[in-house]
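Chain by chain, the residues:
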Amino acid sequence: MDNVVNLERPLVSVIIPAYNAEKFIERTLKSVLSQTYKNIEVLVVDDGSQDRTAEIVKSIAAQDQRVILLQQPNSGVATARNLAIQKSKGEFIAPIDADDIWYPQNIEKQVQCILKSESSVGLVYSWSVDIDEADSPTGEFRASRIEGEVYTTLLCHDFIANASSVLIRRSCFDKVRGYDRSLKEQNGQGCEDWDIYLRIAEHYHFRFVPEFLVGYRKLANSMSCDYTSMAKSRELIWQSIREKYPNIPAAIYRLSTSSFYMNLARQSSLHGKHKSTLFWIYKSLETEFFTPFLRLGFYILLIKSLLKIMAQPVTALIWKDHNAWVNFKERFKSNKQAITITDLNNRLLNTNFKVLAESTLHRLAPMIFGTPKTWLTILKKPNGICQPINQP
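Residues numbered from 1 in each chain as written. Predicted model: local features only at pLDDT ≥ 70, side-chain atom pairs only at ≥ 80, totals over all residues. Heavy atoms only, no water.

1. Some words on the confidence of the model for the protein chain
In this model, the protein chain carries an average pLDDT of 87, and 84% of its residues clear a pLDDT of 70 or more. Across residues 1–5, where pLDDT falls below 50, the model places zero contacts with residues more than four positions away in sequence or in other chains. Throughout residues 378–392 the model reports pLDDT below 50, and contacts reaching past four residues in sequence, or to other chains, amount to 22 contacts. (pLDDT = per-residue confidence, 0-100. Contact = heavy atoms within 4.5 Å.)

2. Brief notes about the packing of aromatic side chains
Under the counting rule described, the total for this entry stands at 17 aromatic pairs. Ring centres 6.1 Å apart and planes at 70° place the aromatic pair Tyr 151 and Tyr 245 in the edge-to-face group. Taken as a pair, Tyr 151 in helix α6 (residues 151–156) and Tyr 245 in the loop between α10 (227–244) and α11 (250–270) lie far apart in primary sequence, 94 residues in all. The pair formed by Tyr 151 and Tyr 245 is uniform in burial state, with each residue classed as buried. Feature note: the residues Tyr 125, Trp 127, Phe 141, Phe 159, Phe 208 and Phe 212 constitute an aromatic cluster, connected by ring pairs. Residue placement shows Arg 81 over the ring face of Tyr 179; its charged tip is 4.9 Å from the ring centre. Positioned above the aromatic ring of Tyr 253, the side-chain terminus of Arg 242 is 4.7 Å from the ring centre. (Phe/Tyr/Trp six-rings, centres within 6.5 Å; stacked < 30°, edge-to-face > 60°. Helix = DSSP H or I, 4+ residues; strand = E, 2+ residues; numbered from the N terminus. Buried < 20%, exposed > 50% of the residue type's maximum accessible area, 1.4 Å probe, protein only. Lys NZ or Arg CZ within 6 Å of the ring centre and 35° of its normal.)

3. Section: the packing of α11 against helix α12 (residues 274–287)
Between α11 and α12, the shortest axis-to-axis distance is 8 Å and the interhelical angle comes to 170°. Judged by the angle between their axes, α11 and α12 are roughly antiparallel. Here α11 contributes Arg 254, Thr 257, Ser 258, Tyr 261, Met 262, Leu 264, Ala 265, Ser 268 and Ser 269 to the contact with α12, which in turn contributes His 274, Ser 276, Thr 277, Trp 280, Ile 281, Lys 283, Ser 284 and Thr 287. Considered class by class, the residues forming the contact of α11 with α12 number six nonpolar, nine polar and two charged. (Axes fitted to C-alpha atoms, helices over the stretch in contact; angles between N-to-C directions. Parallel < 35°, antiparallel > 145°, perpendicular 65-115°, else oblique. Nonpolar A, V, L, I, M, F, W, Y, C, P; charged D, E, K, R; others polar.)

4. Description of the side chain of Ser 269
Residue placement: Ser 269 occurs in helix α11. On the accessibility criterion, Ser 269 (5% relative accessible area) is buried. Once residues within four sequence positions are removed from consideration, Ser 269 is found in contact with His 274, Thr 277, Leu 301 and Lys 304.

So this is what it looks like as structure tokens:
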């Protein structure tokens, strides 16, 4: 009977890279260990932390044998994840960053989804919500219905957009190897998850769980807010893509990069960095001049940033003490009604057009831009010279 149960509930290896994560690692581990799906092992890699990260993990490991602490000199998130995968034993790999959280049924729902899928499905993802330091949803979220062959769509738009929302078959890593540690060596950390998703999408299909099951913490000092490093990381990944597919249409690069810069502009605005917002808007237009004007968000970000910058001298007169201004904003936020997961589900129903539009574009993208198979196809001309097709 035990063997049957194990077949029905395969081991899931949760991997957590942690660097100076003492502030949130306990909450992250609590959310993992509280999953309704119990057949898990949790490998935390202390990446040369200089705080109490290892001490906190050891304390939790002493109470729950599913937690395993690994330690390495500071080598970056890719090397930490690769070490955890190498030491893991599960049939499925579930990454989560050391400051994010899972809601109780995340692993349960993801395992159900992938076990009901064909073997061609290598990755499933859940929907995620942004959370603040107190674990409360901020109102921002990621919800896509993109599945199947997703490589071309994923090139244009990273619809998963974080490292904590996926469950991956172990066989995927046997096929594509691990996370790319060379990005850190080239001072380009930040897009390692997008890179591994792309390499998996070359060989496997994706599916999604249509529920908000992941809390994605967005803090101003996190790696996801080091926009310059992220921009370099993405450019390095694009270099490798162009080397692999020299016939890939140039329009995909322009659209992808312009969309990425608009996302950085949006994140800058959310953190009150309005000059940075204008810089990334400019970079988006410089890369692809027309499509940003088709986005309503483009005009909102542009007008908001200009107004905020113009208002700064007045704000400085009212709040000469910067801390007083920060305290005022925090009190204003605390007086706002808390947003719940139910609210976000209702909001998703009100933004169904956006989700529908994304799904439609996903179906059109391979027809417009092609796929890896078409980019690698060659046409033999009558003169006997092999000429690549789909030249940009």
